[in-house]
Amino acid sequence: MATSLQSDQEQLAKPVQELAEVNGNEPPARYICRDGDHNEIIDANASFSSSIPTVDLLLLSSHSTPENEKEAEMEKLGSALRSWGFFQATGHGIPSSFFDELRDVAKEFFDLPTEEKLKYAGVEGSIDSYGTDSIISDNQVFNWSDRLYLLVRPEHQRSLRYWPDNPVRFREILHEYTMKTSLVVQSTLKAMARQLGLEKNYFVNQLGDQDRAYARFNYYPPCSRPDLVYGLKPHTDGGVITIVFQDPEVEGLQVLKDGQWVKVPIVPYTLLINVADQTEIMSNGIFKSPIHRVLTNSERSRISLAMFFAPENEKEIEPADLLIDEIRPRLFRKVKVKDYEEEFFQSYAQGKRGIDWAKA
Ligand SMILES: O=C(O)CCC(=O)C(=O)O
Ligand SMILES: [Fe+2]
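Thresholds applied
- Residues numbered from 1 in each chain as written.
- Chains lettered and ligands numbered in written order.
- Predicted model: local features only at pLDDT ≥ 70, side-chain atom pairs only at ≥ 80, totals over all residues.
- Heavy atoms only, no water.
- Helix = DSSP H or I, 4+ residues; strand = E, 2+ residues; numbered from the N terminus.
- Buried < 20%, exposed > 50% of the residue type's maximum accessible area, 1.4 Å probe, protein only.
- Lys, Arg positive; Asp, Glu negative; His and termini not counted.
- Salt bridge = Lys/Arg side-chain N within 4 Å of Asp/Glu carboxyl O.
- Contact = heavy atoms within 4.5 Å.
- Pairing = 2+ DSSP bridges.
- Axes fitted to C-alpha atoms, helices over the stretch in contact; angles between N-to-C directions.
- Near = heavy atom within 4 Å.
- Polar contact = N/O pair within 3.5 Å; in protein donor to acceptor, adjacent residues only side chain to side chain.
- Areas by Shrake-Rupley, 256 points an atom, 1.4 Å probe, with all protein chains shown as cover.
- Nonpolar A, V, L, I, M, F, W, Y, C, P; charged D, E, K, R; others polar.
- UniProt positions renumbered as here; feature names shortened; annotations may be inferred.
- Expected span 1.5 Å × (residues − 1).
- Core = buried A, V, L, I, M, F, W, Y, C linked by side-chain atoms within 4.5 Å.

Caption draft 1: Here's a closer look at the side chain of aspartate 128. Along the chain, aspartate 128 falls in the loop between α6 (114-118) and β3 (129-131). Of the side chains with opposite charge, arginine 158 lies nearest to the buried aspartate 128, which makes no salt bridge, at 8.5 Å. If we ignore the near neighbours within four places in the chain, the residues touching aspartate 128 are Gly122, Tyr149, Leu150, Leu151, Ser159 and Tyr162.

Caption draft 2: Structural detail: the sheet that holds strand β2 (residues 86-90). Spatial strand order, β1-β2-β10-β7-β12-β5-β4-β3: eight strands in an open sheet with mixed pairing. Strand pairing shows two members of the sheet lacking a second neighbour, β1 (54-56) and β3, which therefore form its edges. Within the sheet, the average angular offset between the axes of one strand and its neighbour, ignoring direction, is 25°. Against the sheet, helix α7 (residues 170-195) makes contact with β2, β4 (146-153), β5 (212-220), β7 (241-245), β10 (271-275) and β12 (302-310), and its axis sits at roughly 130° relative to β7, the strand it touches most.

Caption draft 3: Structural view of the pairing of β2. For β2, the tally of buried residues reaches four of five residues, placing the bulk of the element in the interior. Both β1 and β2 contribute to a ladder of three bridges, which runs parallel. Bridge assignment links threonine 54 to a residue of β2, and that residue is glutamine 88.

Caption draft 4: Examining the site of ligand 1 more closely. Taken together, the neighbourhood of ligand 1 is formed by 14 residues, with Asn218, Tyr220, His292, Arg302 and Ser304 sitting nearest. A distance of 3.4 Å separates an oxygen atom of ligand 1 from a polar atom in the side chain of arginine 216. For ligand 1, an oxygen atom lies 2.6 Å from a polar atom in the side chain of serine 304. The protein chains hide 98% of the 300 Å² of surface that ligand 1 would expose on its own. Top element by residues in the shell around ligand 1 is β12. It accounts for four residues. Each residue belonging to the shell around ligand 1 can be placed in one class, and the counts come to seven nonpolar, four polar and three charged.

Caption draft 5: The UniProt feature "domain: Fe2OG dioxygenase" (unreviewed entry) in the protein, seen in detail. When the UniProt feature table is mapped onto this chain, "domain: Fe2OG dioxygenase" (unreviewed entry) is found at residues 211-311. The distance from the first to the last C-alpha atom of residues 211-311 is 5 Å, and the span holds 6% helix and 44% strand.

Caption draft 6: The arrangement of α7 in detail. If you check α7, its first and last C-alpha atoms are 37 Å apart, about what 26 residues at 1.5 Å a residue would give, namely 38 Å. With its phi angle positive at about 80°, glycine 197 sits one or two positions after the end of α7.

Caption draft 7: Geometry of the nonpolar core. Core analysis: the largest hydrophobic core is formed by 69 residues, its most contacted members being Phe87, Tyr177, Leu189, Phe217, Ile243 and Leu271. Among the elements that line this core, the one with the most residues is α7, at ten residues. The residues contacting tyrosine 177, other than those within four sequence positions of it, are Ile94, Phe98, Phe99, Leu102, Ile243, Phe245, Leu271, Leu305 and Met307. Counting residues in hydrophobic clusters, the runner-up holds 17 residues, among them Trp84, Leu232, Leu253 and Val294.

Caption draft 8: Spotlight on the pattern of salt bridges. All chains considered together, the criterion is met by 20 salt bridges. Notably, a salt bridge pairs lysine 76 with glutamate 73, separated by 3.6 Å at the nearest N-O pair. Taken together, the residues lysine 76 and glutamate 73, both in helix α4 (residues 67-83) and three residues apart, mark about one turn of the helix. Of the residues examined, glutamate 73 reaches a relative accessible area of 7% and is grouped as buried. For arginine 153, the salt bridge is made with aspartate 211, and the minimal N-O distance between the two is 3.0 Å. Linking arginine 153 in strand β4 with aspartate 211 in the loop between α8 (202-207) and β5, this pair joins segments that are 58 residues apart in sequence. The partly exposed category is assigned to arginine 153, whose relative accessible area is 23%. When its relative accessible area of 11% is taken as the criterion, aspartate 211 is described as buried. Through salt bridges with shared partners, one network takes in Glu101, Arg169 and Glu172.

Here it is as structure tokens:
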């Protein structure tokens, strides 16, 4: 018994990438949580009336955009975040050659031998780490994926010891990407505030001076039974806003829209941006933090990079006063960011939504 538990734990500590190679991709029982529900998935391109909307950030932020065009783009952003919680951003100012480099360094990292990658495995209690799901409960079902998780903001809190120095360009590229996406977040949050009739810096101010951002490089190895496992189980994100750089060739991400799973298409060189729970709270439920999941694939691995932006830990958040009235009563309590995030992770491990804990 003890031996089987021990070997179970040893296997668990193993990256899924290695497990996939050794086991010929056959998923062990602890990863199995689906029952072949493939057919219900809607292909956004083929049959859903509208796919995730595209918003041009340049139109939103440029001083030379005519006012009526700016308003129209703003409306598009607002409606995307009310109904999908997601939008595809163009006009973000990041050159396509930079995305190619980002993709290359991420791929080169995951292509390293396991021992090399395990140099970045976190010690107990460290946020930054390379590895697979941590064990939180006995009956947990595991994701068929590995990840490298790094705090990237505030800069002085980075643990560079966990930032790969192989490939050599990794750190520089991630630093630059953090700078670029932070600007995108600032301009998006301003547009979001204006769309809700709030002062334009409302959300930016909520982030505080010591706002945080985390980079999560996801690696989804192929799996011989993609119908049985999740690359990433259904979840919402716990911060304020997330920017996803999807694999440019391999699909897998899906969003739950009006009770149906909709495939998120790959649109090369756009940034996929989604609302996270703390924006749902601050907007009093007007902007939706979408439930999304990732499916695996039997032939190809998939890599994505999610950047999670969140307020400084000590901040308190609550619905903006202006968004509470008789028609729309207060939906959420005032919560401390640190407490919310703790609750969020506990809830996720138990298959529940953290945001329910913050309900008024
Ligand atoms: O892999 C993806 O496309 C999305 C990843 C994601 O949802 C996450 O890391 O929270
Ligand atoms: Fe996510």
